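The lines below spell out each chain.
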Amino acid sequence: MCALRPSKRTRNRNIGITLGPYFLLVLLVLPFVGSLASAFFLKTSSRVLPSWTAGGVSLACLLIVIASYPSITEGQVVRLTFEWIPQLGLEFKLRLDGFAWMFALLIAGIGLLVVIYARYYMSEEDSVPRFFSFLLAFMGAMMGIVLSGNVILLSIFWELTSIFSFLLISYWHNSSAARDGARMALTVTGIGGFCLLVGLLLLGNIVGSYDLDKILEAGDVIRAHSLYVPALVFVLLGALTKSAQFPFHFWLPNAMAAPTPVSAYLHSATMVKAGVFLLARMSPALSGSYEWFILVGAAGMITLLLGAYFAMFQQDLKGLLAYSTISHLGLITTLLSLGSPLATVAAIFHMLNHATFKASLFMAAGIIDHETGTRDMRKLSGLFRFMPITGTLAMVASAAMAGVPLLNGFLSKEMFFAEAVETHADSFLDRILPYVATLAGAFSVAYSLRFIHTVFFGPKPVGLPKEKPHEPPHWMLFPIELLVVACLVVGVIPAIAVGPILQAAAMGVLGPDTPEYSLSIWHGFNLPLVMSIVALVAGALIYILLRNYLAQCKDGAPVFRRFRGQRIFERILVEVSWRWARLAERRIGTRKLQPQLRWVVFTGFVAGLLPLWLSGFEPRPFVFSGVDKAFAAIWLIGICLALGTAFLAKYHRLAALVMLGGVGLIVCVTFVWLSAPDLAITQLLVEIITTVLILLGLRWLPKRNEINDAPITVRARLRRFRDLGLAVCCGVGMTFVSYAVMTMPVPDAIATYFLENAYSQGGGRNVVNVILVDFRGFDTFGEIAVLGVVALTVYALLRRFRPADDTMAMPEQQRAQNRFDEERPDRSAGDTARDYMLIPSVIMQWLFPVIIMFAVYLFLRGHDMPGGGFSAGLTLSLAFLLQYLAGGTRWAEDRIRILPLRWMGAGLLTAALTGIGAWAFGYPFLTSHFQYVELPLVGKMPAATALLFDLGVFSLVVGSTVLIMVALAHQSIRINRLRAIDAAKTKET
Amino acid sequence: MEIILSIAIGVMTFCGVWLILRPRTYQVIVGLSLLAYAVNLFIFSVGGVKTNVPPVLVDGTATASLADPVPQALVLTAIVIGFATTALFLVVLLASRGLTGSDHVDGRSDPS
């Protein structure tokens, strides 16, 4: 599984790691575990516990990363592979090389510093556990991106970072800026992530594997493939959106609504680096072509210049830093576009340097915000006298950002300048690059100067939201101190401080192509140095010239502040998700049921006709096969009844219902006739229950008769003709299709399999029942679940049911009966209703045990003879139903208490447990077992586990049916209470 | 046999489709029931129209001469689910009638 070489194993043992490659898994899983653990502290108000958890997790990750250093030097790679979806050739593969290691170091290291900082930054009112939970989850997702050895896995973690970034930006969800910023970031990076997935799928398709190693090896194949350009464009869309490159840069400044630790961590050090990480990672496979240079280079150079230009004109401290981040990411992208090994080394070096100085600057900005209550540079000034340590640290970090010698930013910027002067691909872009680079350098000097000068120098600030700013607690400064020291150390002794790390990272990307380069401060007086000097001087001049304008101008660069990416984005969003949706709804949608049904029926008809039309309909000679006269006679009646139902359903509901029942009975007889006794039993029982239900419902429908209705308009008449036409078409079509199907020879499909195996495998002679409870048991399980859901829905709907006003009054018949009772001295109201059909009701009461017995009989014989859980369940519920009919709801409920919910629960559980029981014996869900047992009195009995499953079906059917019926029946009792409430209300008024 | 059954299916489809396109909820529920009969019979008939064959396994009878169990199993579940949907629709109909005071499918009170 692992690809460690033996020599490395011994070396690992020397420093005490015995985990093998499994430390990769620990590294990936630990942050997620920490995130879940933090989530458990949600109830506590303590800030200490979650921050210690987060700190501990990041520290552990950092230590693991540092300890794993020996296993990645000299271009070595650690791999860990698990099976994931072998059917699709997907492996869960983790992979650590020098480049991934450098990123893991950044993620864990800066993560730890951010956690320490956030511990003091977050206030008492914030939900600290939630914050750390999200932060750790993000850390895990980010680790996932850099450690993925499979591009599909990478894409999943990529999406996860977008989601956690969304959650972290919207952490203060009471602020609308945070919500909007988060949504925009999610939309942009989410669309980008989707494009990335498409691109990676294309790449996987070209290479024939989703394994990162295989893709990186197949660079020549990929570049020669006809799908290279689409794959490249999609991957770039993913990378450029994530790294906020032009024209997708606009989400990053809006993401600054996040808490500052988040900005420092996600939006400067790690997540936005994921885009350039991916570019560098994929460069062996994708770079080197002209398309790559043009697309990546154009995006990078525009971003580099525009970002720096915009940064100068920001009034918000974090806004300035955000645009500066965009510009620096543009610098890295530009370097990567060049495709030369030296440029790649410079890009990797700058990723490292930028993370250190920018994270510290964000933290400093957070402290300033924390202490003064504002980030507006028009209000801030002269803070150095209050917070000299913060000021000094910020100055060093900004100097690094500006590229001042003896700091780390200078080194990578020099390397950038050196590469900019080189000619790579002779084109316009290449020729202007030195000038663009110098100009962007000058801008970055200008905004760095502005940052320091405005905030820390000048007169004392007036009118700050918080009076008397002072230095923060020491531990809040500690992360900045550490990062600034890193900037200095790297800047002064680069070869010793980061030489090995950079070498390992470059080896990770470039492999054997890693060039020779020198990491030193002094390369002699050469062109890059001249460019640096020009940039420094020009930047200082720009700042001096613009100083007065900047001190009071509006937020944003002149002219450009009108074209705000955010506005354009929102307009597009509104256009698509609101206007177009509305338009589509208006044009092609309707909320009326009739047109919808008409379209459904019409589409169904066309869908049935089209294949016949296309494949040509071959009429067969009609062979009259003889007609059974009795069968013809009952269907003659059936057809009349069906037509009668259709005709009477509007004005004569009861008659229509009776006729419908008649049709049902004839269908039932047909089933018997055609050798399907199981269906006949079920149909008969369902028919009875449905009729009773509809009878119960009739009570609540309005009176309707022909005389009171408005006369039919011409339009309505036309509509009727259209519907009639459609109905005739459907009817005729169905006649033809069913005749064709019935007269065709039945193909030998799956029926034989079931017939042959029902007894030997299912232990039953009733094949229909065996199919239901054994072969297709899982379907039946789903079906009874549906039945249960329907019953609960019916119950829930009826709980709030309030009949319409015109049906609130007592029915006419009851009123007449009560009047009759009241007129007689020897009777009291309700007597007639009680005595009505007395003899049948006594018979029905007596039948109760008989029907129960019948249900048991149906159930037990079900596996071998017609019957089974469904029909037994329906029969038993009919037994209950008859008691309600015989004595009335009150009478029945005084005597038997049915708890339908218990029946349903027990049924579902029994069925599920029977299925799960198979697992205990090592078989798949719902595998059944059967044998015969001798029972006293009963004799030899088949005892299959399927019978137990059938018992579950039985119980659930009883519960659901009874629940539905009782809920409906209770409405007549509830109405008395509603009437009483209404009466009380009218009395009050 | 086949011709009678197919005409019956056709007529029930005709009545069902006509009814579900009507504006009154009661007509729709009755129409759905009729349509369900037609569809159930249709699915059932796909297995072949056989009279007087044993529906369960009998020793000594060839499996080919038995009734096709697969459509039967399908229709059996369809009958039960049909019952569930009818019940649900009935209650939705009642709730809509209670809320809007009308038995029009869209809850409108104007006649159409």
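Residues numbered from 1 in each chain as written. Chains lettered and ligands numbered in written order. Predicted model: local features only at pLDDT ≥ 70, side-chain atom pairs only at ≥ 80, totals over all residues. Heavy atoms only, no water.

Visitor: Talk me through the interface of chain A and chain B; I want residue IDs and the actual numbers.
Guide: Counting from both sides, the interface comprises 107 residues of chain A and, opposite them, 80 residues of chain B. By the criterion of area lost to chain B, the three top residues of chain A are A:Gln594, A:Leu674 and A:Met742, representing 8% of everything that side buries. Viewed at the interface, chain B and chain A are joined by two salt bridges. For A:Arg653, the salt bridge identified is with B:Asp103, shortest N-O distance 3.4 Å. The interface formed by chain A and chain B contains nine residue pairs in polar contact (both at pLDDT 80 or more). Take the side of chain A that touches chain B: its biggest share by element is 17 residues, from helix 29 (residues 714-743) of chain A. Residue composition of the side of chain A that touches chain B, grouped by class: 69 nonpolar, 20 polar and 18 charged. (Contact = heavy atoms within 4.5 Å. Buried area = accessible area lost by both parts, 1.4 Å probe. Salt bridge = Lys/Arg side-chain N within 4 Å of Asp/Glu carboxyl O. Polar contact = N/O pair within 3.5 Å; in protein donor to acceptor, adjacent residues only side chain to side chain. Helix = DSSP H or I, 4+ residues; strand = E, 2+ residues; numbered from the N terminus. Nonpolar A, V, L, I, M, F, W, Y, C, P; charged D, E, K, R; others polar.)

Visitor: Run through unusual backbone geometry, naming residues and quoting values.
Guide: Excluding glycine, most residues fall at negative phi; most peptide bonds, likewise, are trans. All names here are of chain A. For the peptide bond that leads from Phe246 to Pro247, omega is 0°, which places it in the cis range. Relative to the elements of secondary structure, Pro247 occurs in the loop between helix 10 (228-242) and helix 11 (251-254). Phi is positive for Ala244, which is not a glycine, with a value near 50°. Examined against the element boundaries, Ala244 turns out to sit in the loop between helix 10 and helix 11. The class for Ala244 is buried, based on a relative accessible area of 0%. At Ser675, a residue that is not glycine, the phi angle is positive and equals roughly 60°. You can see Ser675 is positioned in the loop between helix 27 (653-673) and helix 28 (677-698). (Buried < 20%, exposed > 50% of the residue type's maximum accessible area, 1.4 Å probe, protein only.)

Visitor: Could you give an account of the packing of helix 18 (residues 408-421) of chain A against helix 23 (residues 527-552) of chain A, naming the residues involved and the relevant values?
Guide: Residue and element names in this part refer to chain A. Close contact between helix 18 and helix 23 brings their axes to 9 Å; oriented N to C, the two are set at 115°. By crossing handedness, the relation of helix 18 to helix 23 is classed as right-handed. Facing Phe410, Glu414, Phe417, Ala418 and Val421 of helix 18, the residues of helix 23 in contact are Leu527, Pro528, Leu529, Met531 and Ser532. Per-class residue counts for the contact of helix 18 with helix 23 are eight nonpolar, one polar and one charged. (Axes fitted to C-alpha atoms, helices over the stretch in contact; angles between N-to-C directions. Left-handed = near helix turned anticlockwise from the far one by under 90°.)

Visitor: Hey, could you go over a nonpolar patch on the surface for me, with residue numbers and the actual values?
Guide: All names here are of chain A. Among the surface-exposed residues, Trp599, Phe602, Val606, Leu609, Leu610, Leu612, Trp613, Leu614, Phe617 and Val737 lie close enough to one another that they form a single nonpolar patch of about 1000 Å² accessible area. Among the elements that line the nonpolar patch, the one with the most residues is helix 25 (residues 593-615), at eight residues. Structurally, Leu612 is set in helix 25. (Patch = residues over 30% accessible without salt bridge, like charges linked within 9 Å, V, L, I, M, F, W, Y side chains within 5 Å. Areas by Shrake-Rupley, 256 points an atom, 1.4 Å probe, with all protein chains shown as cover.)

Visitor: I'd love a proper account of the environment of A:Asn757, names of residues and values included.
Guide: All names here are of chain A. Mapped onto the secondary structure, Asn757 falls in helix 30 (residues 751-762). In the structure, Asn757 is positioned ten residues away from Val767 in sequence and 9.0 Å away in space, judged by C-alpha atoms. In contact with Asn757, other than residues within four places in its own chain, are Gly762 and Phe775.

Visitor: Account for the packing of helix 4 (residues 98-121) of chain A against helix 12 (residues 260-269) of chain A, naming residues and giving values.
Guide: The axes of two packed helices give the description: the angle between them and the distance between them. Residue and element names in this part refer to chain A. Where helix 4 contacts helix 12, the axes come no closer than 8 Å and their chain directions differ by 165°. As summarised for this structure, helix 4 and helix 12 are arranged roughly antiparallel, according to the angle between their axes. Once helix 4 is placed against helix 12, the crossing between them reads as right-handed. Together, Ile107, Ile110, Gly111, Val114, Tyr117, Ala118 and Tyr121 of helix 4 and Thr260, Pro261, Ala264, Tyr265 and Ala269 of helix 12 make up the contact between the two elements. Its residues assigned to classes, the contact of helix 4 with helix 12 comprises ten nonpolar, two polar and no charged. (Parallel < 35°, antiparallel > 145°, perpendicular 65-115°, else oblique.)

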